[in-house]
Amino acid sequence: MVSQDFSREKRLLTPRQFKAVFDSPSGKVPGKNVLLLARNNDLDHPRLGLVIGKKSVKLSVERNRLKRVIRDSFRLNQESLAGWDIVIVARKGLGDLENPELAQQFGKLWKRLARSRPRPEVLTETGVTDSPHA
């Protein structure tokens with residue numbers, strides 16, 4: 001069971017970590033006024049980075065509210081997101097959404113991202129890969 005906290009190890013902290021996700025995302029989930037980019041991180045927990053610029057959300061109060069709601073949603077859904085580095089890019093209009101609507105939207109985005117993870121191929125006893133794409 002993954003702990004429900006949002007400690008330092010669950011955050012993307014350095015420009016290099018953000019750049020890795022931007023340069024080669026293995027998962028993209030577009031939503032209304034938002035884009036999720038994700039990349040495998042080979043860890044047992046997900047990490048989150050937020051890009052909410054002044055250009056897309058003018059007021060700092062709104063930017064901080066968005067960050068708070070998104071972090072909380074991430075914290076509650078992180079069990080299904082293990083192994084991803086996720087960057088959320090806010091677009092114009094995201095700050096206009098109310099908190100319950102935001103939480104609902106991000107709940108759906110996390111589910112879509114979790115479903116987009118490539119399935120690991122399972123080796124059968126004969127040594128042949130058992131994959132639906134084979």
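Here, every reference points to the structure presented above.
Here the structure is a predicted model, which means the values were calculated and not measured.

## With respect to the packing of aromatic side chains
Turning to step 1, where the next piece is worked out: All told, the structure shown has two aromatic pairs when counted by the stated rule.
Turning to step 2, where the next piece is worked out: Note on Phe 74 and Trp 110: the rings are 5.8 Å apart at their centroids and 65° apart in plane angle, and the pair reads as edge-to-face. Note that Phe 74 is positioned in helix H2 (residues 60-77) and Trp 110 in helix H3 (residues 99-115), a separation of 36 residues in sequence.
Turning to step 3, where the next piece is worked out: Taking the relative accessible area as the measure of exposure, Phe 74 reaches 0% and is therefore buried.
Turning to step 4, where the next piece is worked out: What makes Trp 110 buried here is its relative accessible area of 0%.
Turning to step 5, where the next piece is worked out: Members of the aromatic cluster, joined through ring pairs, are Phe 74, Phe 106 and Trp 110.

## Observations concerning the sheet that holds strand S3 (residues 47-51)
Strand pairing within a sheet occurs via backbone hydrogen bonds; the two strands may be parallel or antiparallel.
Turning to step 1, where the next piece is worked out: In spatial order, the strands read S1-S2-S4-S3; together these four strands make up an open sheet with mixed pairing. Across the chains shown, the open sheet's two edge strands, defined by having one partner strand only, are strand S1 (27-31) and S3. With strand direction ignored, the average angle separating the axes of adjacent strands in the sheet is 15°.
Turning to step 2, where the next piece is worked out: Bridge analysis of S1 against strand S2 (residues 34-40) gives five bridges, and the strand direction is antiparallel. Paired with Val 29 across the two strands is Leu 36, which belongs to S2.
Turning to step 3, where the next piece is worked out: Each of S3 and strand S4 (84-90) touches H2; the most contacted strand, S3, lies at about 160° to it.
Turning to step 4, where the next piece is worked out: Across the sheet, H3 is in contact with S1, S2, S3 and S4; its angle to S2 comes to roughly 35°.

## Some thoughts on the packing of H2 against H3
Turning to step 1, where the next piece is worked out: Two elements in contact, H2 and H3, have axes separated by 10 Å at closest approach and are oriented at 45°. Here H2 lies oblique to H3, going by the angle between them. You can see that H2 and H3 cross each other, and the crossing is right-handed. Contact residues: Arg 65, Leu 66, Val 69, Ile 70, Ser 73, Phe 74 and Asn 77 in H2; Asn 99, Leu 102, Ala 103, Phe 106, Gly 107 and Trp 110 in H3.
Turning to step 2, where the next piece is worked out: Within the contact of H2 with H3, the residues separate by chemical class into eight nonpolar, four polar and one charged.

## Focus: the nonpolar core
Turning to step 1, where the next piece is worked out: Ranked by internal contacts, the top residues of the largest apolar core, which has 25 residues, are Leu 36, Leu 48, Ile 86, Ile 88, Phe 106 and Trp 110.
Turning to step 2, where the next piece is worked out: Counting only elements with at least two residues in this core, the list comes to S2, S3, H2, S4 and H3.
Turning to step 3, where the next piece is worked out: In terms of residue count, the dominant contributor to this core is H3 (five residues).
Turning to step 4, where the next piece is worked out: With residues near it in sequence (within four places) discarded, Phe 106 still touches Val 34, Leu 36, Ile 70, Ser 73 and Ile 88.
Turning to step 5, where the next piece is worked out: Ranked by size, the runner-up nonpolar core spans seven residues in total, among them Leu 12, Leu 37, Val 87 and Val 89.

## So, H3
Turning to step 1, where the next piece is worked out: Along its 17 residues, H3 runs 24 Å from first to last C-alpha, staying within 8% of the 24 Å computed at 1.5 Å per residue.
Turning to step 2, where the next piece is worked out: Listed in full, the buried residues belonging to H3 are Leu 102, Gln 105, Phe 106, Gly 107, Leu 109, Trp 110 and Leu 113.
Turning to step 3, where the next piece is worked out: Buried residues along H3 sit in contact with S1, S2, S3, H2 and S4.

Reading the values: rules and limits
- Residues numbered from 1 in each chain as written.
- Predicted model: local features only at pLDDT ≥ 70, side-chain atom pairs only at ≥ 80, totals over all residues.
- Heavy atoms only, no water.
- Phe/Tyr/Trp six-rings, centres within 6.5 Å; stacked < 30°, edge-to-face > 60°.
- Helix = DSSP H or I, 4+ residues; strand = E, 2+ residues; numbered from the N terminus.
- Buried < 20%, exposed > 50% of the residue type's maximum accessible area, 1.4 Å probe, protein only.
- Pairing = 2+ DSSP bridges.
- Axes fitted to C-alpha atoms, helices over the stretch in contact; angles between N-to-C directions.
- Contact = heavy atoms within 4.5 Å.
- Parallel < 35°, antiparallel > 145°, perpendicular 65-115°, else oblique.
- Left-handed = near helix turned anticlockwise from the far one by under 90°.
- Nonpolar A, V, L, I, M, F, W, Y, C, P; charged D, E, K, R; others polar.
- Core = buried A, V, L, I, M, F, W, Y, C linked by side-chain atoms within 4.5 Å.
- Expected span 1.5 Å × (residues − 1).

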